[in-house]
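An overview of the molecular structure
The chain contents come next:
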Amino acid sequence: MAEGKKVVLVTGASSGIGNSCATYLAKRGCIVYGTSRNPEQAKKKADEFFQLLQMDISNDTSVKTLLDAVYAQSGGIDLLVCNAGMGIAGPVEFTSTASAELQMQTNFLGTFRVIRGVLPGMRVHGGKIIVMSSMAGLTGIPFQAFYSASKFALEGLVESLRMELKPYPVQVCLLEPGDFRTGFTAARQRSQINQDNPYYQAYMRSVKVMEMDEQNGAEPILISRLVYKLFLKKSKFRIRYSVGMAFQRIAMALKKLLPARLFEAFFCKYYKVDEKQGNIT
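In what follows, the accompanying structure is described. What you see is a predicted model, and the numbers here were worked out from it, not measured in a lab. (Residues numbered from 1 in each chain as written. Predicted model: local features only at pLDDT ≥ 70, side-chain atom pairs only at ≥ 80, totals over all residues. Heavy atoms only, no water.)

1. What to know about the packing of helix α8 (residues 246-257) against helix α9 (residues 260-270)
- Where α8 contacts α9, the axes come no closer than 10 Å and their chain directions differ by 150 degrees. As far as their axial angle goes, α9 and α8 are roughly antiparallel. Both α8 and α9 take part in a crossing whose hand is left-handed. Of α9, the residues touching α8 (which contributes Phe247, Ala251, Met252, Leu254 and Lys255) are Phe263, Phe266, Phe267 and Tyr270.
- Taken together, the residues of the contact of α8 with α9 sort by class into 8 nonpolar, no polar and 1 charged. (Axes fitted to C-alpha atoms, helices over the stretch in contact; angles between N-to-C directions. Helix = DSSP H or I, 4+ residues; strand = E, 2+ residues; numbered from the N terminus. Parallel < 35°, antiparallel > 145°, perpendicular 65-115°, else oblique. Left-handed = near helix turned anticlockwise from the far one by under 90°. Contact = heavy atoms within 4.5 Å. Nonpolar A, V, L, I, M, F, W, Y, C, P; charged D, E, K, R; others polar.)

Written as structure tokens, this is what we have:
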């Protein structure tokens, strides 16, 4: 490793949670490489404390090229933070196959590509992998079915991967954030349906609740601190760590305790999908 310093790779580091993590780790003495599909479009000073490099996680060649460059420059990677992702919202019935494929290609297969790329080196030299899941990876959310599905897939991937890596000095865990104040709200891709669509009223009410929660969510620094704490952790990782506002963490705990139909009814009420068609308030 370069000059004995720890080397970190953070995907999706041009803004939001990824940028917060990359900056936080760099300020604490790590050599940090961040990735972005379009680093030239990042806001000024987004990469003030680390290198922001081009990588498209949906492309095998792009991932390999980036990882080869990082290994050539640093000699290895001590920590991988898989943060890159995106979200789509809309009724399942009116979501195109192309949109659904994009969601899974980015959040699930993109994360898989990067993990697969770092494992040969980490199996030999050791390392840690932190995968950014979501509380939406623990429970379905109305009109975010494909986002939830992509995060559910990551949960299964990591659970399986942890068992496969038992003989090797590689630790893997899931981070499950609730709602945080980032650019995710503005970047969400929304199905454009008109007022005649049978789902229109419920969809608009539900998305409004989501956006309010995000805009009033916690600050990304909470995740950055947890990532750094886990990086320094001497003992073995747990499978998953939740981070975010208390009421959301409590809600996820209730899912384990309440009958499934009761929890579903609670979520329908919260996201206002069980109300009659009418004005959006």
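2. Observations concerning the state of the cysteines
- With the rule as written, the count across this model stands at 0 disulfides.
- Just so you know, cysteine 21 is unpaired, no disulfide at all, and the nearest cysteine sulfur is the one on cysteine 30, 12 Å from it.
- Look at cysteine 21 and you get buried, because its relative accessible area is 1%. (Disulfide = S-S within 2.5 Å. Buried < 20%, exposed > 50% of the residue type's maximum accessible area, 1.4 Å probe, protein only.)

3. Quick word on the packing of helix α2 (residues 60-74) against helix α3 (residues 97-125)
- One way to put it is that α2 packs onto α3 with a least axis distance of 10 Å and a crossing angle of 35 degrees. For α2 against α3, the interelement crossing comes out right-handed. Touching Asp60, Val63, Leu67 and Tyr71 of α2 are Arg113, Val114, Arg116, Gly117, Val118 and Gly121, all from α3.
- The residue inventory of the contact of α2 with α3, partitioned by class, reads 5 nonpolar, 2 polar and 3 charged.

4. Quick notes on the sheet that holds strand β2 (residues 31-36)
- The strand order β3-β2-β1-β4-β6-β7-β9 describes an open sheet built from 7 strands, whose pairing is parallel. A strand with exactly one partner marks an edge of an open sheet, and here the two such strands are β3 (51-54) and β9 (240-243). Averaged over neighbouring strand pairs, the angle between their axes works out to 20 degrees when direction is ignored.
- With 3 bridges connecting them, strand β1 (residues 7-10) and strand β4 (residues 79-82) associate as parallel partners. Along β4, the bridge assignment pairs valine 8 with leucine 79.
- This element, helix α4 (residues 145-164), spans β6 (127-132), β7 (170-177) and β9 of the sheet and lies at about 155 degrees to β7. (Pairing = 2+ DSSP bridges.)

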